[in-house]
Amino acid sequence: MAQKGPLRVRDAIGWVLRVAKTLEQVHDQKRVHGRISPAAIQVASAACDSAGAIVHTRDLDALPVYHSLARAKTGAPSSYVDVWALSVTLSVLLTG
């Protein structure tokens with residue numbers, strides 16, 4: 001999500017909820033994404049009701065700033081790490 005400055009609260013929360021629902025499906029399949037960040041959210045526009053998708057991990061660089069302390073210690077992605085990264089993503093979307 002290449003947005004300069006903060007998103008409207010409605011849109012930031014809307015995008016994070018959409019990603020969370022997708023991650024829930026991924027986690028239910030015992031898989032993880034491992035590279036959640038604003039760069040992992042491809043959108044048609046900032047409005048949360050526009051088209052969007054999660055970018056595949058192979059197309060993303062690792063961004064340690066979105067890693068939890070647990071991931072920093074082990075280096076291993078997990079569903080916990082995805083949720084942590086999504087919370088950091090929300091903060092970034094709200095603050096720019």
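Reference entry: report on the structure contained in this document.

Reading the values: rules and limits
- Residues numbered from 1 in each chain as written.
- Predicted model: local features only at pLDDT ≥ 70, side-chain atom pairs only at ≥ 80, totals over all residues.
- Heavy atoms only, no water.
- 1 Å grid on protein atoms, 1.4 Å probe; cavity = no way out; pocket = protein on both sides within 12 Å on 5 of 7 lines; lining within 4 Å.
- Points joined across faces, edges and corners; volume = space filled by probe spheres on them.
- Nonpolar A, V, L, I, M, F, W, Y, C, P; charged D, E, K, R; others polar.

Topic: empty space enclosed by the protein
Item 1. In total, this model carries one cavity of 30 Å³ or more according to the counting rule given.
Item 2. Estimated volume of the largest cavity: approximately 50 Å³.
Item 3. Forming the boundary of the largest cavity are G34, R35, I36, S37, D61, A62, L63, Y66, H67 and A85.
Item 4. Class assignment for the residues of the lining of the largest cavity results in five nonpolar, three polar and two charged.

Comments concerning the layout of surface pockets
Item 1. Approximately 200 Å³ is the volume attributed to the largest pocket.
Item 2. Taken together, T22, L23, V26, R31, V32, H33, I54, V55, H56 and T57 make up the full set of residues lining the largest pocket.
Item 3. Considered class by class, the residues forming the lining of the largest pocket number five nonpolar, four polar and one charged.

Any functional reading would require information beyond the geometric quantities listed.
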